[in-house]
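# What the coordinates show
Next come the chains, spelled out residue by residue.
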Amino acid sequence: MTKKIWAQLSERLEKIVGKNSFQTWIKPLNFISYEDGLLELTVTTRFQGDWVSRNYGDEIKGQAMRLGLKIDRIEFKIKDNQTSLTEPEKPLTQAPTKVQTLSNKNTLGAPLDSRFTFERFVVGKPNELAHAAARRVSTGDSAAFNPLFLYGGVGLGKTHLMHAISVELQHMSPDLKVVYLSAEQFMYRFIQALRDKQMMNFKEIFRSVDVLMVDDVQFIAGKESTQDEFFHTFNALIDQKKQIVISADRAPGEIDGLEERIRSRLQCGLVVDLHPTDYELRLGILQEKVQNYRLKYTDLDIANGVLEFLAHKITTNVRVLEGALTRLFAFSSLVGRQITLDMAQESLADILRASDRKVTMDEIMKKICHYYNVRMSDLLSPRRSRNIARPRQMAMYLSKNMTSRSYPEIGKQFGNRDHTTVMHAVKKIEELKSQDSQVSDDAELLRRMLEA
Ligand code: ADP
Ligand code: MG
């Protein structure tokens, strides 16, 4: 391979991984050499190399194959910026989340959603403990539990509570430096600091906050250097008795790929979970939303029993519940009539059906076989060729999204595969869906067929 062929290969990769990922991960790579199946590329950081090899290694090899080249191994050499003659790459401007300049302390965190306040958080049995703990932390009482670790499934209010703490603290003590951001944003900041050789700055800034809140911390599991930096930041703040609030989609002990030392430190504080909603809580949330909506649009007219019906029917998560309500509001403003039970049933048919139907893994696998024209035994086999691997990944993805089966359970059904394989498959399809319309169409179509 030559530089020119690498350029061709990159072009192909851009189409596959999408513009954003390409700009962030592939474009910065420079070709060094190709010999005896070994491809050497430059990277800016070791982390970048790890990432590329983990996430795009197969794609690079696959595309090379199409160009008639066989790559057995890819090695990354860290680019020495001092002697490099190439133009400095722009910092991660295309990263999935907005990366603000590190030197601007006020923009360190992510923007807060003004709707996510304590006033608008409805408390019920499933979340009362989490709410109480969050309230407590929001008083700024440094004797409160540290860290506070909130965990629970999607859409149960973790982010809402974290924003609420932030808003409350900021309101009561405007001088307090409260920083809220997602673990993903933390990672991008960190990579950017590495790239820009701003690590001192990064450390200084993160160590000087009064309250640090990191959302969805499961994201950094398995991402070694980010975890490492997070751990150091975490320790420095705890030593200074600064409050830390963390959220994740599962308990610290259940996050795979999380280093033991981090896990045990996370468990030192207070760990509380948000339980799945119950009927009363769902009804309460719906009533709150309606009340709030009425403040702005006084003519909203909902018949008795509609909210109860929704609270009873839509049990998946609060986000879906909110979506249903939003549609009803839109509908009511369009037709200018009372929202009746009939009307709700009709206009929410798809959501209700999705919540109604319990799809089994068996059905999913059969449908996949039919759709992609593969055999059940192929799905269960260890074969990894693309024409079988992709349907299998899609089946795993649908199983995760349409049933309540856990990763290990799904892995077991698919020929006793490891749960990490399932996690990878789910991630893979999610990624592809945003880049490849064929994949997103397949996913959507399959889902609809299964829900019907
Ligand atoms: P998570 O971060 O746990 O996935 P979010 O905090 O983003 O969930 O909540 C999803 C949506 O549901 C948000 O719009 C949030 O305001 C709403 N929500 C969740 N729980 C409650 C609650 N107890 N009261 C009011 N709204 C809630
Ligand atoms: Mg969240």
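Here the structure is a predicted model, which means the values were calculated and not measured.

Counting its regular elements, the protein chain contains 20 helices and eight strands. For 452 residues, the compact-globule estimate of 2.2 N^0.38 gives 22 Å, and the C-alpha radius of gyration of the protein chain, at 25 Å, lies within 12% of that figure. If you line up the protein chain on its principal axes, its C-alpha atoms span 75 × 60 × 40 Å. Long-range contacts, defined here as pairs at least 24 residues apart, represent 73% of the contacts in the protein chain between residues at least 6 apart. Taken as a whole, the protein chain presents about 23000 Å² of accessible surface, with 50% of it coming from carbon and sulfur.

Another point: the pairing of strand β6 (residues 211-215). By the criterion of burial, β6 is predominantly enclosed, with five of the five residues buried. Looking at chain direction, strand β5 (residues 178-182) and β6 are connected through five bridges and run parallel. Pairing of Y180 across the sheet is with M213, part of β6. By the bridge criterion, four bridges tie β6 to strand β7 (residues 243-248) in an arrangement that is parallel. Looking at β7, one finds that V214 is bridged to I246. The parallel pair β6 and β7 is bridged by helix α8 (residues 224-239), and the resulting crossover is right-handed.

Neighbouring ligand 1 are 18 residues; V122, G155, K158, T159 and H160 lie closest to it. At 2.8 Å, a side-chain N or O of E322 approaches an oxygen atom of ligand 1. Contact with the protein chains hides 94% of the accessible area of ligand 1, taken as 560 Å² for the molecule alone. When residues of the shell around ligand 1 are traced back to their parent elements, those giving at least two are α5 (158-172), α10 (279-296) and α12 (318-335).

Below, the discussion takes up the sheet that holds β7. Overall, parallel pairing links the five strands, which are arranged β5-β6-β7-β4-β8 in an open sheet. In the strand order of this sheet, the two ends are held by β5 and β8 (270-273), each with one partner. On average, each strand axis in the sheet is tilted by 15° relative to the strand beside it, whichever way the strands run. Summarising the sheet, strand β4 (residues 148-151) and β8 pair through four bridges and their orientation is parallel. Bridge pairing in β8 places L148 opposite L270.

F149, L212, V214, V217, F230 and I246 are the most contacted members of the largest nonpolar core, which totals 30 residues. Mapped onto this core, the elements with two or more residues apiece are β4, β5, α6 (183-195), α7 (199-207), β6, α8, β7 and α9 (260-266). When residues of this core are assigned to their parent elements, the largest contribution, five residues, is made by α8. Among residues more than four places away in sequence, those in contact with V214 are M162, L181, S182, A183, F230, V245, I246 and S247. Membership of the second largest hydrophobic core comes to 26 residues, among which are I368, C369, A425 and V426.

If you check α5, its first and last C-alpha atoms are 21 Å apart, about what 15 residues at 1.5 Å a residue would give, namely 21 Å. Where α5 is buried, its residues meet α4 (128-138), β4, β5, β6 and β7.

Take the packing of helix α17 (residues 386-402) against helix α20 (residues 437-451) next. Between α17 and α20, whose axes approach to 11 Å, the crossing angle comes to 50°. What the angle tells us is that α17 and α20 run oblique. Once α17 is placed against α20, the crossing between them reads as right-handed. From α17, M394, Y397, L398, N401 and M402 reach across to α20, where they touch V439, D442, A443, L446, R447, L450 and E451. Partitioning the contact of α17 with α20 into residue classes produces eight nonpolar, one polar and three charged.

It is worth spelling out the packing of α7 against α8 at this point. In the contact formed by α7 and α8, the axes pass within 9 Å of each other and the chain directions differ by 40°. Compared by their axis directions, α7 and α8 come out oblique. Pair α7 / α8 crosses with right-handed handedness. The segment α7 lies against α8, with M199, F202, K203, F206 and R207 engaging E229, H232, T233, A236 and L237. Residue composition of the contact of α7 with α8, by class: five nonpolar, two polar and three charged.

What follows covers the pattern of salt bridges. With the rule as written, the count across this model stands at 21 salt bridges. Its salt-bridge partner being R120, residue E288 comes within 3.1 Å of it at the nearest N-O pair. With E288 in helix α10 and R120 in the loop between β3 (73-78) and α4, the pair connects residues that are 168 residues apart, well separated along the chain. On the basis of relative accessibility, which here comes to 12%, the residue E288 falls in the buried class. For R120, a relative accessible area of 23% translates into the label partly exposed. Close ionic contact of R405 with E409 constitutes a salt bridge, the shortest N to O distance being 4.0 Å. For R405, a relative accessible area of 39% gives the class partly exposed. Connected through salt bridges with shared partners, the residues E59, R386 and K428 form a single ionic network.

What follows is about the sheet that holds β3. In spatial order, the strands read β1-β2-β3; together these three strands make up an open sheet with mixed pairing. Among the strands making up the open sheet, the edge pair consists of β1 (30-35) and β3. The average angle at which neighbouring strand axes cross in this sheet is 25°, direction not considered. Of the strand pairs in this sheet, β1 and strand β2 (residues 38-43) are connected by five bridges, and their pairing is antiparallel. Among the inter-strand pairings, N30 is bridged to a residue of β2, identified as T42.

Cut-off values and rules
Residues numbered from 1 in each chain as written. Chains lettered and ligands numbered in written order. Predicted model: local features only at pLDDT ≥ 70, side-chain atom pairs only at ≥ 80, totals over all residues. Heavy atoms only, no water. Helix = DSSP H or I, 4+ residues; strand = E, 2+ residues; numbered from the N terminus. Rg over C-alpha atoms; globule rule 2.2 N^0.38 Å. Contact = heavy atoms within 4.5 Å. Areas by Shrake-Rupley, 256 points an atom, 1.4 Å probe, with all protein chains shown as cover. Buried < 20%, exposed > 50% of the residue type's maximum accessible area, 1.4 Å probe, protein only. Pairing = 2+ DSSP bridges. Right-handed = clockwise from strand over helix to strand, strands pointing away. Near = heavy atom within 4 Å. Polar contact = N/O pair within 3.5 Å; in protein donor to acceptor, adjacent residues only side chain to side chain. Axes fitted to C-alpha atoms, helices over the stretch in contact; angles between N-to-C directions. Core = buried A, V, L, I, M, F, W, Y, C linked by side-chain atoms within 4.5 Å. Expected span 1.5 Å × (residues − 1). Parallel < 35°, antiparallel > 145°, perpendicular 65-115°, else oblique. Left-handed = near helix turned anticlockwise from the far one by under 90°. Nonpolar A, V, L, I, M, F, W, Y, C, P; charged D, E, K, R; others polar. Salt bridge = Lys/Arg side-chain N within 4 Å of Asp/Glu carboxyl O.

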